[in-house]
Amino acid sequence: MFNLTFAKDFLLHRLKSKNRHGLHSPFVYRLVDEVIYDKKHKPEYDKIEQERDRLLIDDRYITVTDLGAGSHVNNNKQKKISDITINALKPPKLAKLLYRLAAFTKPTNIVELGTCLGITTLYLQAAAPNAKVYTLEGCPQTAGVAKDVFNRTGVKDINVITGNFDDTLPDVIAGLDKLDFVYIDGNHQRDATLRYFEWCLPKVHEDTMLIFDDIYWSEGMKEAWAQIKAHPQVTATVDLYWIGLVFFKPGQAKEDFMIKV
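Residues numbered from 1 in each chain as written. Predicted model: local features only at pLDDT ≥ 70, side-chain atom pairs only at ≥ 80, totals over all residues. Heavy atoms only, no water.

- Where an unreviewed UniProt entry is consulted, the protein chain appears under the name Class I SAM-dependent methyltransferase, with the organism given as Mucilaginibacter aquariorum.

Pasting the structure below:
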């Protein structure tokens, strides 16, 4: 049922979504033209993808603590790192898009919910090397693998925070004057997603970008995405199917965009 629903949602998105032509918002047009549709290779990609390749042949098993909605692929507690790499990591195309979105935003701080094995974190850090990066992970052993990846690549300025997001996210938000770039992944449940969104709102500003992962994951996630789009503080959203972008720009006519990727 999940696969059929997912496929139906994907086909509907393809039918309804637009490309850069016909976009009347200058900001969204620039975002689509210069960032989302930017296919140029970046040198930073190579080093990070080498780390992905190492993880793909890592046969060690770790004990996975899943505090979110679980996996549609494999919910076993003992998982091989190579299998996690295949099933749970963002694919290169999406990870590179997240890199470009972070580079476009030029954030001074990045908050990521859902470190997994750290590949996406590396992309975000590489996109904004002067930003303070806080990555939150619920599973201690998964976080441990990510720390090994960061150490191997020589990246020292990533703050890995382990624990339930309900416990760790409020402290991270409280410690920041504002939120520039927040990527919400790792707990695909309606109420949790809306809770994290509400917690972010007091610290957002006109240049903040919130990114929600897997907005078509389930009926609950689709409901959460609909509520986020309707929130009065939100001025524009961009639905890329795999992820949803949220903006808070004063003067922007409230509009929701579906973009073909």
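1. Details of the packing of aromatic side chains
For step 1, the next point in the chain: Here the structure, examined in full by the defined rule, presents 11 aromatic pairs.
For step 2, the next point in the chain: Here F10 and W242 contribute two aromatic rings whose centre-to-centre distance is 6.1 Å and whose plane-to-plane angle is 40°, an arrangement assigned as tilted. Taken together, the residues F10 in helix α1 (residues 2-16) and W242 in the loop between β8 (236-239) and β9 (243-247) connect sequence positions 232 residues apart.
For step 3, the next point in the chain: The class for F10 is partly exposed, based on a relative accessible area of 32%.
For step 4, the next point in the chain: Classification of W242 as partly exposed rests on a relative accessible area of 36%.
For step 5, the next point in the chain: Here Y241 and W242 contribute two aromatic rings whose centre-to-centre distance is 4.9 Å and whose plane-to-plane angle is 85°, an arrangement assigned as edge-to-face.
For step 6, the next point in the chain: A network of ring pairs unites the aromatic residues F10, Y216, Y241 and W242 as a single cluster.
For step 7, the next point in the chain: Stacked on the ring of F27, the Lys or Arg K249 has its end atom at 4.6 Å from the ring centre. (Phe/Tyr/Trp six-rings, centres within 6.5 Å; stacked < 30°, edge-to-face > 60°. Helix = DSSP H or I, 4+ residues; strand = E, 2+ residues; numbered from the N terminus. Buried < 20%, exposed > 50% of the residue type's maximum accessible area, 1.4 Å probe, protein only. Lys NZ or Arg CZ within 6 Å of the ring centre and 35° of its normal.)

2. A look at the sheet that holds β9
For step 1, the next point in the chain: Spatially, the 8 strands line up as an open sheet ordered β5-β4-β3-β6-β7-β9-β8-β10, and their pairing is mixed. Two strands close off the open sheet at either side, each with one partner strand: β5 (158-162) and β10 (255-258). The sheet shows a mean angle of 15° between the axes of neighbouring strands, taken without regard to direction.
For step 2, the next point in the chain: One ladder, built from 5 bridges, connects strand β7 (residues 209-213) with β9; its direction is antiparallel. Counterpart to F212 in the pairing with β9 is G244.
For step 3, the next point in the chain: The sheet strands contacting helix α7 (residues 140-153) are β4 (132-137) and β5, and the helix crosses β5 at an angle near 170°. (Pairing = 2+ DSSP bridges. Axes fitted to C-alpha atoms, helices over the stretch in contact; angles between N-to-C directions. Contact = heavy atoms within 4.5 Å.)

3. Here's the deal with the pairing of β8
For step 1, the next point in the chain: By the alternation rule, side chains of β8 split into A236 and V238 and T237 and D239, which are all buried.
For step 2, the next point in the chain: Here β8 runs beside β9; their pairing, made up of 4 bridges, is antiparallel. Along β9, the bridge assignment pairs A236 with F247.
For step 3, the next point in the chain: Examined bridge by bridge, β8 and β10 share 4 bridges and lie parallel to one another. By the bridge assignment, A236 is partnered in β10 with E255.

4. Re helix α6 (residues 119-127)
For step 1, the next point in the chain: Counting buried residues along α6, 9 of its 9 residues qualify, which places the element largely inside the surrounding structure.
For step 2, the next point in the chain: Turning to α6, its buried residues are I119, T120, T121, L122, Y123, L124, Q125, A126 and A127.

5. Concerning the pattern of salt bridges
For step 1, the next point in the chain: Applying the stated criterion across every chain, the model contains 16 salt bridges.
For step 2, the next point in the chain: The salt bridge involving D38 is made with K42; its shortest N-O contact spans 2.7 Å.
For step 3, the next point in the chain: Residue K42 is classed as buried on the basis of its relative accessible area, which comes to 17%.
For step 4, the next point in the chain: Residue E51 pairs with R152 through a salt bridge whose shortest N-O separation is 2.8 Å. Of this pair, E51 sits in helix α3 (residues 43-56) while R152 is found in helix α7, placing the two residues 101 residues apart along the sequence.
For step 5, the next point in the chain: Beyond isolated ion pairs, a larger network of salt bridges with shared partners links D9, E219 and K222. (Salt bridge = Lys/Arg side-chain N within 4 Å of Asp/Glu carboxyl O.)

6. Points about the nonpolar core
Most often, soluble globular proteins keep nonpolar side chains buried together rather than apart.
For step 1, the next point in the chain: Membership of the largest hydrophobic core comes to 57 residues, with the highest contact counts inside it found for L31, L101, F181, I211, V238, I243 and L245.
For step 2, the next point in the chain: It is helix α5 (residues 92-105) that contributes the most residues to this core, 8 residues altogether.
For step 3, the next point in the chain: Residues within four places of F181 in sequence aside, it is in contact with L98, L101, A102, T105, P107, N109, I110, V111, L124, M209 and I211.
For step 4, the next point in the chain: Of all hydrophobic cores here, the second largest spans 30 residues; its members include Y134, L201, I215 and Y216. (Core = buried A, V, L, I, M, F, W, Y, C linked by side-chain atoms within 4.5 Å.)

7. Remarks on empty space enclosed by the protein
For step 1, the next point in the chain: Taken as a whole and assessed by the stated rule, the structure comprises 2 cavities of 30 Å³ or more.
For step 2, the next point in the chain: Around the largest cavity, the lining residues are I184, D185, N187, H188, T193, F212, D213 and M221.
For step 3, the next point in the chain: When its residues are assigned to classes, the lining of the largest cavity shows 3 nonpolar, 3 polar and 2 charged.
For step 4, the next point in the chain: Considering only enclosed or pocket space, the second largest cavity measures out at about 30 Å³ in volume.
For step 5, the next point in the chain: Taken together, F10, H13, R14, L240, Y241, W242 and V261 form the lining of the second largest cavity.
For step 6, the next point in the chain: Taken together, the residues that form the lining of the second largest cavity break down as 5 nonpolar, 1 polar and 1 charged. (1 Å grid on protein atoms, 1.4 Å probe; cavity = no way out; pocket = protein on both sides within 12 Å on 5 of 7 lines; lining within 4 Å. Points joined across faces, edges and corners; volume = space filled by probe spheres on them. Nonpolar A, V, L, I, M, F, W, Y, C, P; charged D, E, K, R; others polar.)

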